[in-house]
Amino acid sequence: MGYRNAVTRRAAEIRLDALLRTACEVIAERGLANTRTADVAEAAGVSQALVFYHFATKDRLLAQAFAYAVEQDLARLDAVLRSSAPPLAKLRRMLRLYAPTGRATSWSMWIDGWAESLRTPELEKLSRRLDLRWRQDLAAVITAGVAEGTFDCPDPAGAAWRISAVMDGLAVQLAVHERVITRRQIAEWIRLVAARELGLEPSQLD
């Protein structure tokens, strides 16, 4: 009986994970405000009743999908930080991970999440968690680079906020105003800003 219950729980967890992944894709396409439980059910190929089995309300579905996206991004960030790479290599990876030149789906969802956070406290809490975690980890990598003499930066925390602010602003432009700037331009500008903050040459961040 215990084995059977464990298998049943595992099957439910797999279904939940698949539903959350699908919900993130639907939200990225339709937006948080325009996503219905029926949309997620149709995209996942399941009944709406199964969606409500896992999520009692639409608001709970949206909040858990956003939390799922947060956890995925934090897991990718943790993988960079746990590596034995030197600070410069970690910085390159973090810039590639966070920069708007990466996954368009992820950035569309985050921009929408920021907007909805103005009205939804639970979403605000989740988005703030990732924002602060990203800046704290970036500041820690910069601090480590200063300590070993690779970076020249008197204010790692401030530099982390300024670099992040540039990437956030460019992400909005890329996602909202198509063809105004190119991904290549964005990558060059991010390297330029980060290099100036840390006393590097932009080519060192390629």
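Calculation rules
- Residues numbered from 1 in each chain as written.
- Predicted model: local features only at pLDDT ≥ 70, side-chain atom pairs only at ≥ 80, totals over all residues.
- Heavy atoms only, no water.
- Core = buried A, V, L, I, M, F, W, Y, C linked by side-chain atoms within 4.5 Å.
- Buried < 20%, exposed > 50% of the residue type's maximum accessible area, 1.4 Å probe, protein only.
- Helix = DSSP H or I, 4+ residues; strand = E, 2+ residues; numbered from the N terminus.
- Contact = heavy atoms within 4.5 Å.
- Phe/Tyr/Trp six-rings, centres within 6.5 Å; stacked < 30°, edge-to-face > 60°.
- Lys NZ or Arg CZ within 6 Å of the ring centre and 35° of its normal.

## Quick word on the nonpolar core
Core analysis: the biggest nonpolar cluster contains 56 residues, and Leu-91, Leu-95, Leu-138, Ile-142, Met-167, Leu-200 and Leu-205 have the highest contact counts within it. Where this core is concerned, the elements lending two or more residues are helix H1 (2-30), helix H2 (37-44), helix H4 (58-82), helix H5 (87-98), helix H6 (104-117), helix H7 (121-147), helix H8 (156-176) and helix H9 (183-198). Top element by residues in this core is H4. It accounts for 10 residues. When neighbours within four sequence positions are excluded, Leu-138 is seen to be in contact with Leu-91, Met-94, Ala-160, Ile-163 and Ser-164.

## Considering the packing of aromatic side chains
Two measures describe an aromatic ring pair: the distance that separates the ring centres and the angle between the ring planes. Inspection of the entire model under this criterion finds 1 aromatic pair. Consider the rings of Tyr-98 and Trp-134, whose centres lie 4.2 Å apart with planes at 5°: the pair is stacked. With Tyr-98 in helix H5 and Trp-134 in helix H7, this pair connects stretches of sequence that are 36 residues apart. You can call Tyr-98 buried: its relative accessible area is 12%. Looking at Trp-134, the relative accessible area reads 2%, which means it is buried. Sitting above the plane of the Trp-161 ring, Arg-135 keeps its charged end 4.6 Å from the centroid.

## A look at the side chain of Glu-197
Tracing the sequence through the fold places Glu-197 in helix H9. Note on Glu-197: relative accessible area 18%, which makes it buried. Setting aside residues no more than four positions away along its own chain, Glu-197 makes contact with Asp-152, Cys-153, Ala-159, Arg-162 and Ile-163.

## Topic: the environment of Trp-161
Examined against the element boundaries, Trp-161 turns out to sit in helix H8. Sequence separation between Trp-161 and Leu-132 is 29 residues, and the spatial gap between their C-alpha atoms is 9.4 Å. If we skip the residues at most four places from it in the chain, Trp-161 touches Leu-132 and Arg-135.

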